[in-house]
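A structural walkthrough
This is what each chain is made of:
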Amino acid sequence: MHMLLKSLSSLLPCRKLILPLVLATFVLSGTVYAAPDQVTNIFKPLSTPAESVYQAALLTMAVCGVIFLIVGGLLAYTTIRFRRRAADDGLEPPQIYGSNQIELAWTVLPVLIVFVLILVTSRTIADVQNKPAASDSLKVTVVGHQWWWEIRYPDLGIVTANEIHVPVSDATKPRQTFLRLESADVAHSFWVPQLAGKTDLIPNRVNKMWIEPKQVGTYLGNCAEYCGTQHARMLLRVIVHEPDDFARWAAEQQQNGAEDPQVKAGRDVFFSTSCLNCHTISGTSARGRFGPDLTHLMSRDTLASGAAPNTPEKLRAWVRDPQAIKDGSLMPNMQLTEQELDQLVSYLLTLK
Ligand code: CUA
């Protein structure tokens, strides 16, 4: 061990650099993780369930921190105070066997601490899980697929993918969104750290959770349960609007897919290939549910569940060869010619 440390420290130009380097790493990682809207931050909850989890976590960390300081402090003190000295006689120190008081103390105290933590945790879980849905709360069904999210609003007749739009909740008019979580294939897990804890999406089972975002904006999330090759690119965003903006978004989403005569050629490509077996465009004969609903494809920020930004160039690249952007994606390469690709993409771009 001593040799290892020695060889490690010889790798650094100067031992005095170790501490500044460690500190710089901490500071840098802090600034990286603090980037707004890009990286989610579990220490900045912005929704009631996330706040409850955060409070319970803070208490647990504080209790564990105090225990760590006491145990670590005693250990450090003992190691230094009773270290081997030059004047030692080399004999064993006096041997002491047992102390009822001390043993009782270190049995009863941890039991009490664990009991308090259990009470706080069960209370938090009960608060979050047993929340009854208010009659005016928004209801959204989320279906996990390999590797994207199907989002349905049963009361509003809206179907979309990978983005959940919800109204903001304020103190005068709280508005919660209740999510019904299902899976079309394997186990996934819904996690938007600033809104709530993780909840699994299990095949043949319905799980429930709710969110109550208190700030307008975009919240990033991801699948938190390994679900196959592209688990890491099963990203998710929750977009929180002022009530008026939400109503406007919902009204737009309720429209049928655009029918622009100028892009008839591209429409013909879509309806003459097997695109329509997997995708829905409302108001047309395309009613597939295996892939994302495309009725308002261009209203979304990303393609392929966050694998690429939803730009015309990326959309073309995606249709041309989905595997090049998301290896393992279940969308096949349709082997379209360059001309067909141009036509199809110009049709898709009209689906706003
Ligand atoms: Cu879906 Cu991991």
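Further up the page is the structure itself.
Right, let's walk through the structure included here. Note that the coordinates shown come from a computational prediction; the quantities given were computed from them, not determined experimentally. (Residues numbered from 1 in each chain as written. Predicted model: local features only at pLDDT ≥ 70, side-chain atom pairs only at ≥ 80, totals over all residues. Heavy atoms only, no water.)

1. Considering the overall build of the chain
To be explicit about the condition: We count a stretch as a helix when DSSP gives it H or I for four or more residues in a row; a strand needs E for two or more, and each element gets its number in order from the N terminus. Throughout, exposure labels follow a simple rule: accessible area from a 1.4 Å probe, protein chains only, divided by the maximum for the residue type, with under 20% read as buried, over 50% as exposed, and the rest as partly exposed. The contact definition used throughout considers only heavy atoms, calling two residues in contact when any of these lie within 4.5 Å. All accessible areas in this document rest on Shrake-Rupley with a 1.4 Å probe, and a residue is counted as covered only by the protein chains that are shown.
Regarding its fold elements, the chain presents 10 helices and 12 strands. Taken across its 352 residues, the chain has 34% of its residues classed as buried. Taking as baseline every contact in the chain between residues at least 6 positions apart, the subset at least 24 positions apart corresponds to 62%. Accessible surface, the chain: about 21400 Å² in total, of which carbon and sulfur atoms supply 62%.

2. A closer look at the side chain of His 241
Going by this rule: Under the rule applied, a polar contact is a pair of N or O atoms within 3.5 Å (in protein, one hydrogen donor and one hydrogen acceptor; residues adjacent in sequence only if both atoms are side-chain atoms).
Within the secondary structure, His 241 sits in strand β10 (residues 235-241). At 2.7 Å, the side chain of His 241 and the side chain of His 165 are in polar contact.

3. Considerations on the packing of aromatic side chains
Under the convention used in this document: Working definition: a ring pair exists when centres of Phe, Tyr or Trp rings (six-membered ring for Trp) sit within 6.5 Å. Plane angles under 30 degrees give stacked, over 60 give edge-to-face, the rest tilted. In this scheme, the term charge over a ring applies when either NZ of a lysine or CZ of an arginine sits within 6 Å of the ring centre and within 35 degrees of the ring normal.
The final tally for this structure, using the stated rule, is 6 aromatic pairs. By way of ring pairs, the aromatic residues Tyr 153, Phe 246 and Trp 249 are connected into one cluster. When the ring centre of Trp 210 is taken as origin, the NZ or CZ atom of Lys 131, which lies over that ring, is 5.1 Å away.

4. What about the environment of Pro 110?
Looking at the element boundaries, Pro 110 is found in helix α4 (residues 100-129). Judged by relative accessible area, Pro 110 falls into the partly exposed class, the value being 38%. Spatially, the C-alpha atom of Pro 110 lies 9.7 Å from that of Ile 67, the residues being 43 residues apart in sequence.

5. So, the sheet that holds strand β7 (residues 199-201)
What counts is decided by this rule: Strand pairing is assigned whenever DSSP identifies at least 2 bridges connecting the two strands. Note on geometry: axes are C-alpha line fits, over the in-contact stretch for helices, and angles between N-to-C directions span 0 to 180 degrees.
One open sheet accounts for 5 strands, arranged β4-β10-β9-β6-β7; its pairing is mixed. Among the strands making up the open sheet, the edge pair consists of β4 (163-167) and β7. Direction aside, the axes of adjacent strands within the sheet are offset by 25 degrees on average. Of the pairings in the sheet, the one linking strand β6 (residues 188-191) to β7 comprises 3 bridges and is antiparallel in character. Paired with Phe 190 across the two strands is Thr 199, which belongs to β7.

6. With respect to the environment of Leu 349
Secondary-structure assignment places Leu 349 in the segment after α10 (338-348). When the C-alpha atoms of Leu 349 and Met 298 are compared, they prove to be 6.3 Å apart, with 51 residues separating the residues in sequence. Apart from residues no more than four positions distant in its own chain, Leu 349 is found in contact with Met 298, Pro 312 and Leu 315.

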